[in-house]
Amino acid sequence: MIRWSPPFSDRVKINFDGSVRSSSAVGGFVIRTNSGKPLVDAAFNTGNTTVPISKVLALRNSLICAKEKGYSKIDVEGDTKLVMLSTKFPLFRDSSA
């Protein structure tokens with residue numbers, strides 16, 4: 001069973017994803033507290049692109065949002081190993097492993 005795992009108490013957690021159906025791509029993310037309370041969520045059209053690009057855009061947008069909101073201690077979780085490995089975070093969870 002796959003389930004959400006919280007960050008440490010002094011951190012927030014970003015979950016992001018992207019998807020393509022026909023020729024329409026979308027991405028989205030949620031930023032949560034360690035208790036699971038959503039702080040920010042967003043979904044957006046990423047145009048006519050691929051799933052990996054849609055996921056990268058979702059990750060990028062989530063990090064921009066987190067920075068704008070003043071969050072500096074962040075865990076990131078996504079289901080694409082390539083996208084996760086391309087980040088330079090000291091702590092992330094790779095749910096694709």
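Anything mentioned here points back to the structure above.
Keep in mind that what you see is a predicted model, and the values were worked out from it rather than measured.

Thoughts on the environment of Ser54
(1) Moving on: Its location among the elements puts Ser54 in helix H1 (residues 51–69).
(2) Moving on: Taking the C-alpha atoms as reference points, Ser54 and Phe44, separated by 10 residues in sequence, lie 9.6 Å from one another.
(3) Moving on: Those residues within four positions of Ser54 in sequence are excluded, and the remaining contacts are Gly18, Ser19, Ala25, Val26, Gly27, Thr46 and Thr49.
(4) Moving on: In this structure the side chain of Ser54 is engaged in a polar contact, spanning 2.4 Å, whose partner is the backbone oxygen of Val26.

Points about the nonpolar core
Grouped burial of nonpolar side chains is what soluble globular proteins tend to show.
(1) Moving on: Ranked by internal contacts, the top residues of the largest apolar core, which has 13 residues, are Ile14, Phe16, Phe29, Ile31, Ile74 and Val76.
(2) Moving on: At the level of secondary structure, the elements contributing two or more residues to this core comprise strand S1 (12–21), strand S2 (24–32), strand S3 (38–47), H1 and strand S4 (74–78).
(3) Moving on: Here this core takes four residues from H1, the largest share from any one element.
(4) Moving on: Excluding residues within four positions of it along the chain, Ile14 makes contact with Val30, Ile31, Ser62, Leu63, Ala66, Ile74, Asp75, Val76 and Glu77.

Some details on the side chain of Glu77
(1) Moving on: With respect to the helices and strands, Glu77 occurs in strand S4.
(2) Moving on: A polar atom in the side chain of Glu77 sits 3.1 Å from the side chain of Lys13.
(3) Moving on: A distance of 2.8 Å separates the side chain of Glu77 from the side chain of Asn15, its partner in a polar contact.

Overview of the pairing of S1
(1) Moving on: In this sheet, S4 lies alongside S1 in parallel orientation, the contact comprising four bridges. Each bridged residue has a counterpart across the sheet, and for Ile14 the counterpart in S4 is Val76.
(2) Moving on: Inspection of the sheet shows S1 paired to S2 by nine bridges, in the antiparallel sense. Looking at the pairing, Phe16 lines up with Phe29 of S2.
(3) Moving on: Taken together, S1 and the strand that follows it, S2, pair antiparallel across an intervening segment of two residues, in which Ser22 is found at a positive phi of about 55 degrees.

Each value, and the rule that gives it
- Residues numbered from 1 in each chain as written.
- Predicted model: local features only at pLDDT ≥ 70, side-chain atom pairs only at ≥ 80, totals over all residues.
- Heavy atoms only, no water.
- Helix = DSSP H or I, 4+ residues; strand = E, 2+ residues; numbered from the N terminus.
- Contact = heavy atoms within 4.5 Å.
- Polar contact = N/O pair within 3.5 Å; in protein donor to acceptor, adjacent residues only side chain to side chain.
- Core = buried A, V, L, I, M, F, W, Y, C linked by side-chain atoms within 4.5 Å.
- Buried < 20%, exposed > 50% of the residue type's maximum accessible area, 1.4 Å probe, protein only.
- Pairing = 2+ DSSP bridges.

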